[in-house]
Amino acid sequence: MNPILEIRNVSKQYKLGGRRLRKAETFRELLQRTVSKPFGQLTGLRNNGAPKEDLYAFWALQDVNTEVNQGDIVGIIGRNGAGKSTLLKILSRITSPTEGMVTIRGRLASLLEVGTGFHPELTGKENIFLNGAILGMRRAEIIRRFDEIVAFAEVEKFLDTPVKHYSSGMYVRLAFAVAAHLDPEILVVDEVLAVGDLSFQKKCLGKMGEVSRSGRTVLFVSHNMAAIENLCSRGIVLHQGKLHYDGTPKDAIQYYLNSLSTQSGTGHVVELNGVGDRRSIVAPLLKRLEFFTENEQPLVEGLSIGSRLKVRVHFDLPRPTASFNVGLGFNNSYGQRIFTAHSMFEPSRSIKEQVGPQVFACEIPSFTLMPGEYAVKVFLELNNSEADAIEDAAKIRVLESDFYGTGKVPRNGAFVLKHAWYLEQAADAK
Amino acid sequence: MSSTFELTIRPRKGWQAIDFKEVYLYRELFAFLVWRDIKIRYRQTLLGGLWAVLQPFIAMLIFSFIFNRLAHVESDGPPYKLFAYAGLAPWTFFSTSVTQSSNSLLANHQLVSKIYFPRIFIPLGAIGALLLDLMLSLGLFSVMMLYYRWPVTPALLWLPVFMLAAVLAAAGSGLTLSALNVSFRDVKYVVPFMVQMGLFVTPVIYPARYIPHRWQILMGLNPMAGVVIGFRHALLGTPASWEVMGLSIAVSLFLFASGLLIFRRMENRFADII
């Protein structure tokens, strides 16, 4: 069977300079441009065939290729400006690609924004009809699902009130409710779950899950990694307009988080010369830190909660020593020590005399500190006394992810722990 | 739409015809957009739909005083008030339509940049809603006819033709101007000026016979000239001038066709630059 969606060599170019000019362009400027255009193109051809205008060209998407099969729930992740929204806009036909082609085999509905076309002066009921029609529902379809929509939005009492009097929560609920009752074969959803209160977000995630189980095809952009991991069957990473990764959601998220870290400038290697707050009692013996996560992937920050952290500490031993220890301290953003990893706690360590450059690796199989930024302190002890120590040697960022496998993100406390809940027979139950 | 439905998206460039099949597919949305415009136009106003008839009515009173009483402009037969109103009704429709539709894409930029449907619905929807206002003001006109005891002639049968011509002229101008307005905000300044001048170059407050014969054909190039003459002919039985009316209708058709083409040509850039 043919894939329900084929994306072939799709590129999209925006003309940045041109765009700014065109926005405020006047007829006079157009006239000038039109008159000078043939010449511009001629000179452009001489310049290796690249027209002068392209100086300001910006490729929002470059040569994106992929296929989506029916029933796939594809999560699209990437940083802001990676081209996610542009891709969705091309699929929804809001803008056309500069190159390439897309084949869609089914009815596609897109939800790039909650409440598109809502009019503040119209009542809730009127907006349900208008918004439904705008999203591509037939009148008969809206009438058929009207009660469901109203119940989902929990706005029964305010149906005849203009939505401008709605609270923002009610507004979003109503808007999402209409969209949630679309019945397309392919649903394209941009970051829309970021709105509304927590309980409604959960309801929306539930609805999305329902949609995905019904065999429909969904393309879904989100920064909520937990939602991606939980709902999607496939993850795609876009980076600077290119498709960088296509695989399971878990791997895609890891890939994305790693790409975040390598983007942070310092890289996963921190040279300890001149960083942080250093106190060298013997000498500046600590040389370098290297950070890795799952599968020995390099990392500086952007570690998803509960994943593996491996730190390699490079240092020098000036003379043969058997009694040396290395420690890593993790401080939260308030400067409180949350956790200390120390080589003296390693039971299987063989004490041998060493000299010269050393690499001591510390592995934490599951780094379960809460999402946030942690300052890393590294210290070296010789003969049980501190020889070299650096506060704020590096920073580690822990990111939200679906640690418990429920799609629910832990919010309170300092760390997460695996735990179980079950009902037991109550003592006084009959 | 069945699951065998297949759609190919490719880069779009150059001139293209309107996809009438798609327009038909989305027809319900068009009705909804017109309905929305009608619903919200007079929301939270004291007089509501009365505004539809008040505008041409008050203009009629003022113009009768200034041009008929003070400047001694004469109608070509019927009482001047009837005469002026029969011209102001289609003119008000046209001028409001052009003003609102030329601004419609910008006013609905959220729809343009976030959802797909045939874009022509936006300027055309604005005009569709104003058609209701024209009907209402024609309702008031029939009351005035009774008041002045002015007879209805068989020429009334021509009215739908001239209404259609007015719609085509307004739609053609509105489509072109709204598309241009996305790229060039000059339109915002041009339209009010054009509409203001249009009132004077169109025989709305004076009869067409005031224009010298050799200029009559030139007048026909103004689509609304023929429409206004036609409205008066149909409503009041005033003399028709078929050359002018025919030419105006042809110009309206041309405006509409070129408006569709220009709009279509420019529409794929709307979402990128609006």
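Residues numbered from 1 in each chain as written. Chains lettered and ligands numbered in written order. Predicted model: local features only at pLDDT ≥ 70, side-chain atom pairs only at ≥ 80, totals over all residues.

How would you summarise the confidence of the model for chain A if you had to cite specific residues and measurements?
Any segment with low pLDDT has predicted coordinates that should not be analysed in fine detail. Residues and elements named next belong to chain A. Confidence in the prediction for chain A averages 82 pLDDT; 85% of positions are at 70 or higher. Contacts for the low-pLDDT stretch residues 18-24, under 50 throughout, to residues beyond four places or in other chains number eight contacts. Residue range residues 40-54 is modelled with pLDDT below 50. Its contacts to residues more than four positions away, or to other chains, number nine contacts. (pLDDT = per-residue confidence, 0-100. Contact = placed C-beta atoms within 7 Å.)

Which residues make up the nonpolar core, and what values do they have?
Ranked by size, the top nonpolar core spans 184 residues in total, and within it A:Phe220 and B:Ala166 carry the most contacts. When residues in this core are grouped by element, the largest group, 14 residues, is from helix H7 (residues 159-183) of chain B. Split by domain, this core shows at least three residues from each of two domains, domain 1 (60-258) and domain 2 (270-399) of chain A. Among all residues touching A:Phe220, those that are not within four sequence positions of it are A:Ile73, A:Val74, A:Gly75, A:Ile76, A:Val189, A:Leu231 and A:Cys232. (Core = buried A, V, L, I, M, F, W, Y, C linked by C-beta atoms within 7 Å. Buried ≥ 20, exposed ≤ 12 C-beta atoms within 10 Å, placed from the backbone. Helix = DSSP H or I, 4+ residues; strand = E, 2+ residues; numbered from the N terminus. Domains from an automatic or database assignment.)

Mind laying out the interface of chain B and chain A, listing which residues take part and the relevant values?
On the side of chain A, 41 residues touch chain B, which itself brings 32 residues to the contact. Secondary structure elements with two or more residues in the side of chain B that touches chain A: strand S1 (7-9), helix H2 (27-41), helix H5 (109-114) and helix H12 (270-273) of chain B. Among the elements that take part in the side of chain B that touches chain A, H2(B) stands out by supplying six residues, more than any other. Summarising the sheet, strand S4 (residues 99-104) of chain A and S1(B) pair through three bridges and their orientation is antiparallel. Counterpart to A:Ile104 in the pairing with S1(B) is B:Leu7. (Pairing = 2+ DSSP bridges.)

Please provide a residue-by-residue account of helix H4 (residues 80-107) of chain B, values included.
The terminal C-alpha atoms of H4(B), which comprises 28 residues, lie 38 Å apart, in line with the 40 Å expected from a rise of 1.5 Å per residue. H4(B) sits mainly inside the fold: 22 of its 28 residues count as buried. (Expected span 1.5 Å × (residues − 1).)

Which residues make up unusual backbone geometry, and what values do they have?
Residues and elements named next belong to chain A. Even without a glycine there, the phi angle at Glu-154 is positive, about 55°. Accessibility expressed as a C-beta count within 10 Å gives 15 for Glu-154, which makes it partly exposed. Even without being glycine, Asn-295 reaches a positive phi, approximately 55°. Here Asn-295 lies in the loop between strand S12 (286-293) and strand S13 (297-298). Judged by local crowding, Asn-295 falls into the exposed class, with 9 C-beta atoms found within 10 Å.

Please set out the environment of B:Phe256 residue by residue, giving values where relevant.
Residues and elements named next belong to chain B. Mapping Phe-256 onto the fold places it in helix H11 (residues 242-267). C-alpha of Phe-256 to C-alpha of Ala-169: the two residues are 87 residues apart in sequence and 6.3 Å apart in space. Setting aside residues no more than four positions away along its own chain, Phe-256 makes contact with Leu-168, Ala-171 and Gly-172.

Residue-level account of the sheet that holds S1(B), with values.
Pairing is antiparallel across the open sheet formed by four strands, whose spatial order is S2(A)-S1(A)-S4(A)-S1(B). Taken across any chain shown, the strands that pair with only one partner, and hence form the sheet edges, are strand S2 (57-68) of chain A together with S1 of chain B. Direction aside, neighbouring strands of the sheet carry axes that sit 20° apart on average. Along the sheet, helix H3 (residues 84-91) of chain A makes contact with strand S1 (5-15), S2 and S4 of chain A together with S1 of chain B, crossing S2(A) at roughly 65°. (Axes fitted to C-alpha atoms, helices over the stretch in contact; angles between N-to-C directions.)

Pulling in residues and values, what's your account of the confidence of the model for chain B?
The predicted model of chain B has a mean per-residue pLDDT of 90, with 99% of residues at 70 or higher. Overall fold confidence (pTM) sits at 0.71, and the ipTM for the predicted complex is 0.85.

Quick rundown of the packing of H7(B) against helix H8 (residues 187-201) of chain B? Include the residues and the values.
Residue and element names in this part refer to chain B. Between H7 and H8, whose axes approach to 9 Å, the crossing angle comes to 150°. Residues Leu-177, Leu-180 and Asn-181 of H7 pack against Val-187, Lys-188 and Val-191 of H8. For the contact of H7 with H8, the class distribution of residues is four nonpolar, one polar and one charged. (Nonpolar A, V, L, I, M, F, W, Y, C, P; charged D, E, K, R; others polar.)

Run through the domain arrangement of chain A, naming residues and quoting values.
Residues and elements named next belong to chain A. You can read the domains of chain A as domain 1 (60-258) and domain 2 (270-399). Between domain 1 and domain 2, the contact holds five residues from the first and nine residues from the second. Sorting elements by how many residues they give to the side of domain 1 that touches domain 2 places helix H9 (residues 249-262) first, with four residues. Each residue belonging to the side of domain 1 that touches domain 2 can be placed in one class, and the counts come to three nonpolar, two polar and no charged.

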